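Coordinates in review
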Amino acid sequence: MSTLSILADNIRYLRLQQIPEISQQQIADRLVLTRVSYAKYETAKASPPLDVLLAISRYYHISTDLLLTVDLRKYKLQEMLNLPDNRILLPIKTDSVGENKIEIIPYKASMGYLSGYADPEYIENLQTMSLPFLHNGKYRAFPVEGDSMPPYKDGTYVVGKYIENIKDIKIGKTHVLITRSGFTFKRIEKINDNSITVGADNTFYDSYDIPFSDLWEAWQYAGSFSSKELEIIDFANEDIKSMLIKLMQEVRELKNKVS
């Protein structure tokens, strides 16, 4: 099925879902088009210019990606969550007893999330789980790697609650942040005019800024699970604790000199 055909089916479907149903002339008037021009878009006889496509996207609050690539007739529009910047997150899925189904992003395919997070088929094919104590929101599980956020290590999955708006991101709380280059699990230190400052709980790592333009999604920490048993370090001996802190400081200073 061509992109033009998908777009034609989608805009015709969206128009007919309006309550009350509206005519081609009415939608054309709202988009400042002639009925003849608009009719060609619904029958795939012509491709709309970019400004018209953007106007349609804004009118229906449906992203251009979905308008051009996804058959919206397969999904219940009333169950979709409208997100900022004209994006859409698919409906919250539930199991047979009504519990939320939480999609799990696999370790080996984690980078594929960057190209698939807005693709309904990609999300539908992910494995899911249910956590009865998580309600009233959309949750997703992400793999954690590295040692920047102890005690979370490789093999741990962090469950995050979707944050719709930057203003709802809470300073001092940990979040899984989806960015242009990947995703990271960090603590929010500051919200700036055009970016957020994030830091690691492991003081060896420096804080850094993520521009809003690079921030695609934010998921606030809601829980975690791991197949590995947590190793407990006994810091009862203050001499050992002080030695480790001093060693970490020296390593950090050496790192700064090298960079």
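Residues numbered from 1 in each chain as written. Predicted model: local features only at pLDDT ≥ 70, side-chain atom pairs only at ≥ 80, totals over all residues. Heavy atoms only, no water.

So, on to the environment of A39. Position of A39 relative to the elements: it lies in helix α3 (residues 35-42). Along the backbone, A39 and A8 are 31 residues apart, and their C-alpha atoms lie at a distance of 9.3 Å. (Helix = DSSP H or I, 4+ residues; strand = E, 2+ residues; numbered from the N terminus.)

Under the criterion given, the structure shown has 8 salt bridges. Between R180 and D214 there is a salt bridge, and its shortest N-O distance comes to 2.9 Å. Of the two residues, R180 is situated in the loop between β7 (174-179) and β8 (182-191) and D214 in the loop between β10 (208-211) and β11 (215-226); the sequence distance between them amounts to 34 residues. Note on D214: relative accessible area 23%, which makes it partly exposed. One salt-bridge network, in which partners are shared between bridges, spans D9, R12, D71 and R73. (Salt bridge = Lys/Arg side-chain N within 4 Å of Asp/Glu carboxyl O. Buried < 20%, exposed > 50% of the residue type's maximum accessible area, 1.4 Å probe, protein only.)

Our focus in this paragraph is the sheet that holds strand β3 (residues 102-104). In space, the 9 strands of this open sheet follow the order β4-β3-β5-β6-β11-β7-β8-β9-β10, with mixed pairing throughout. What marks the edges here is a single partner per strand, and that holds for β4 (128-129) and β10. Pairing analysis gives 4 bridges linking strand β9 (residues 195-199) to β10, with the strands arranged antiparallel. Looking at β10, one finds that S195 is bridged to P211. (Pairing = 2+ DSSP bridges.)

Regions with low pLDDT should not have their predicted coordinates read in detail. On average, residues of the chain score 80 in pLDDT, and 77% of them are at 70 or above. In this model, residues 81-87 is a region of pLDDT below 50 whose contacts with residues beyond four sequence positions or in other chains number 24 contacts. (pLDDT = per-residue confidence, 0-100. Contact = heavy atoms within 4.5 Å.)

Attention now moves to the nonpolar core. The biggest cluster of nonpolar side chains holds 20 residues, and the ones touching the most others in it are Y38, L67 and L72. Going through the elements one at a time, α1 (3-16), α2 (24-30), α3, α4 (50-60) and α5 (64-69) are the ones with two or more residues in this core. Aside from chain neighbours lying at most four places away, what touches L67 is I6, L7, N10, L14, L53, I56, S57, I62 and L72. Grouped together as the second largest cluster of nonpolar side chains are 17 residues, L114, M149, Y162 and F185 included. (Core = buried A, V, L, I, M, F, W, Y, C linked by side-chain atoms within 4.5 Å.)

If you walk through the whole model with that rule in mind, you get 9 aromatic pairs. Summarising the aromatic geometry, the rings of Y157 and F225 are spaced 5.3 Å apart at their centres and angled 5 degrees between planes, so their arrangement reads as stacked. Note that Y157 is positioned in strand β6 (residues 156-162) and F225 in strand β11, a separation of 68 residues in sequence. Looking at F225, the relative accessible area reads 31%, which means it is partly exposed. (Phe/Tyr/Trp six-rings, centres within 6.5 Å; stacked < 30°, edge-to-face > 60°.)

On to the side chain of K186. Relative to the elements of secondary structure, K186 occurs in strand β8. With no salt bridge to any partner, buried K186 finds its closest opposite charge in D147, at an N-O distance of 8.4 Å. A distance of 3.2 Å separates polar atoms of two side chains, one belonging to K186 and the other to S148. Not counting the four nearest positions on each side in its chain, K186 is found in contact with S148, M149, K173, T174, H175, V198, G199, A200 and Y208. (Lys, Arg positive; Asp, Glu negative; His and termini not counted. Polar contact = N/O pair within 3.5 Å; in protein donor to acceptor, adjacent residues only side chain to side chain.)

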